[in-house]
There are 2 protein chains.
Amino acid sequence: MPTRDGASLQERIVALIHERGLAPGSPIPTEVQLMELLGASRNSVREAVRALRALGIVEIRHGHGTFVGHASLDVLTPSLAFQVRSGPGGGIRALRDLVEVRELLETGLIAQVAQSTSVTRLAALEALVNGMDRDHGADRAFHALLYESCGNELVLQLIGLFWDIYHEVEPTLGPPEERTAEIVVNHRRIVAALRARDAEAAREAMRLHFRDVKARIARAKAPDTA
Amino acid sequence: MPTRDGASLQERIVALIHERGLAPGSPIPTEVQLMELLGASRNSVREAVRALRALGIVEIRHGHGTFVGHASLDVLTPSLAFQVRSGPGGGIRALRDLVEVRELLETGLIAQVAQSTSVTRLAALEALVNGMDRDHGADRAFHALLYESCGNELVLQLIGLFWDIYHEVEPTLGPPEERTAEIVVNHRRIVAALRARDAEAAREAMRLHFRDVKARIARAKAPDTA
DNA sequence: AACTATTTGTCCGTATGTATA
DNA sequence: CTATACATACGGACAAATAGT
């Protein structure tokens, strides 16, 4: 009769966090304390804590302690990346779905961006476009900065997440296809529409941007038709 | 010199799954095999596998073995619900962001649904609306069925995930506010627009639906203004 | 139905690396 | 620099669940 418990250790630890009202960043009882609190061995506690760490519920700092995590949707990254890569057709299908979601979000948001974004932010966006041929990460920063004014933290995290996964899987599509020129043109068109405060033009510019991205995926999908 | 490894055990196990081309459902090496494959002790292997299980990447069946999972995003529901609850203001802000994303996705997709959905599916949607006052889960099934014809698995998972999180946190907003009548009306309006193949009307009906949801959140945000 | 082999679940004890005081 | 507290890692042992003989 070791330790009959209906709920899993993970759930009991989460319940413990809620009961004590621990806010993100607060320290969690140490492993030995959890051992006697939950009546489990060190190994069981460690396995449960590792699972919670994977879920972003806790953060572990070696030699210091375990703390409540304020982590975000970043925990979706390994799961989504795995799903995309192991999907049918080498994940082309999943990649198409992912880009489609990005397009839905960005074309839906760009209208309110056209009205709310400040001129200083527009200048910063312009600077990012100018450095886009040199700095590969400028593209990610561009899309992040674009929707910062919306005040929706979740959207920012989702768009960043999708960008990361796409650029993690994208190399498997085939040869690099250096088309930075077109990419820069597409982004410049978006900024121009925003400067003109033309919501519909901005949305159309965003559609053109994603048209190119989807075309790249379609080429990889059927490379034998050439 | 125990086991020098740059990558974490989790990542190495995932890499191993990809190398062997293991499809969801196929068995992965046993713990003992993983021990010698990765050069780690059983406890370390177990901790890594538990973390992968939390992410939905593997499924463990006691006494049988460990298998590749489907990495469906809904395993992350408790984690994300926890994060939303821990957010500032009791999570009202995060909940508003979440509903906003749902609205972006659904209003963006409903147009192509109006064109592609079959009449039999419309009948099924109608049936769900009719049972919505009795079955609380009919709402979730409605939104899932709605976008099934789009052929985008990621969107389905995201909408289901967000629905689950919202309805897990929503009770903390305040009293239940039994307004099933209005909810049914809103959904019936959507189906009617779809039957007429009127994309713009469907989009407007969807906006009205979310207008009510957002109003509920706004009421909870400032209950003292009454 | 009973036994056995395989596999995961839990536990104990111990040693090591790391950050803080 | 030393000491303490903590997380990390290892190895061995037994219990519980499952599948097949």
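Just so we're clear, the structure is a prediction, and the values are computed from it rather than from any experiment.

### Observations regarding the relation of the copies chain B and chain A
Thought 1: For the pair chain B and chain A, the best superposition has an RMSD of 0.9 Å and corresponds to a rotation of 179° with a translation of 0.0 Å parallel to the axis. Taken together, these values place the two copies in the relation of a two-fold axis. Measuring from the rotation axis to each C-alpha of chain B, the shortest distance belongs to B:A51, at 1.9 Å.
Thought 2: Most of the interface of chain B is mirrored in chain A: 98% of its interface residues are interface residues there too.

### Remarks on helix α1 (residues 9-19) of chain B
All names here are of chain B.
Thought 1: Every buried residue of α1 is accounted for by L9, Q10, I13, V14, L16 and I17. With its buried residues spanning 155° around the axis, α1 presents them on a single face.
Thought 2: In the segment just after α1, G21 is the residue with positive phi, at about 60°.

### Remarks on the interface of chain B and chain A
Thought 1: Taken together, the contact between chain B and chain A spans 43 residues of the former and 47 residues of the latter.
Thought 2: Around 3,900 Å² of area is buried between chain B and chain A when both sides are counted, 62% of it from carbon and sulfur atoms.
Thought 3: Of all residues in chain B, B:E47, B:F82 and B:L104 give up the largest surface area on contact with chain A, accounting jointly for 17% of the area buried on that side.
Thought 4: For the pair chain B and chain A, the number of links is 4 salt bridges.
Thought 5: Of the charged contacts in the structure, one is a salt bridge between B:E47 and A:R50, with a shortest N-O distance of 3.5 Å.
Thought 6: At the junction of chain B and chain A, the tally comes to 15 residue pairs in polar contact (both at pLDDT 80 or more).
Thought 7: Of all the secondary-structure elements, those providing two or more residues to the side of chain B that touches chain A are α1, α3 (42-54), α4 (77-86), α5 (92-116) and α8 (153-169) of chain B.

### Quick notes on the domain arrangement of chain A
Thought 1: Domain boundaries in chain A define domain 1 (9-68) and domain 2 (75-225).
Thought 2: Centre-to-centre, using C-alpha coordinates, domain 1 of chain A lies 37 Å away from domain 2 of chain A.

### Examining the pairing of strand β2 (residues 58-61) of chain B
Thought 1: In terms of strand pairing, β2(B) meets strand β3 (residues 65-68) of chain B through 4 bridges, oriented antiparallel. Each bridged residue has a counterpart across the sheet, and for B:V58 the counterpart in β3(B) is B:V68.

### Description of the sheet that holds strand β1 (residues 27-28) of chain A
All names here are of chain A.
Thought 1: Pairing is antiparallel in the open sheet, where 3 strands are placed in the order β1-β3-β2. Either end of the sheet is taken by a strand with one partner, and the two such strands are β1 and β2 (58-61).
Thought 2: As defined by bridge partners, β1 adjoins strand β3 (residues 65-68) across 2 bridges and the pair is classed as antiparallel. When the sheet's bridge partners are listed, I28 is paired in β3 with T66.
Thought 3: Where helix α3 (residues 42-54) meets the sheet, it contacts β2 and β3, and its direction lies at approximately 110° from that of β2.

The rules we used
Residues numbered from 1 in each chain as written. Chains lettered and ligands numbered in written order. Predicted model: local features only at pLDDT ≥ 70, side-chain atom pairs only at ≥ 80, totals over all residues. Heavy atoms only, no water. Least-squares fit on C-alpha atoms with pLDDT ≥ 70 in both. Contact = heavy atoms within 4.5 Å. Buried < 20%, exposed > 50% of the residue type's maximum accessible area, 1.4 Å probe, protein only. Helix = DSSP H or I, 4+ residues; strand = E, 2+ residues; numbered from the N terminus. Arc of directions from axis to C-beta. Buried area = accessible area lost by both parts, 1.4 Å probe. Salt bridge = Lys/Arg side-chain N within 4 Å of Asp/Glu carboxyl O. Polar contact = N/O pair within 3.5 Å; in protein donor to acceptor, adjacent residues only side chain to side chain. Domains from an automatic or database assignment. Pairing = 2+ DSSP bridges. Axes fitted to C-alpha atoms, helices over the stretch in contact; angles between N-to-C directions.

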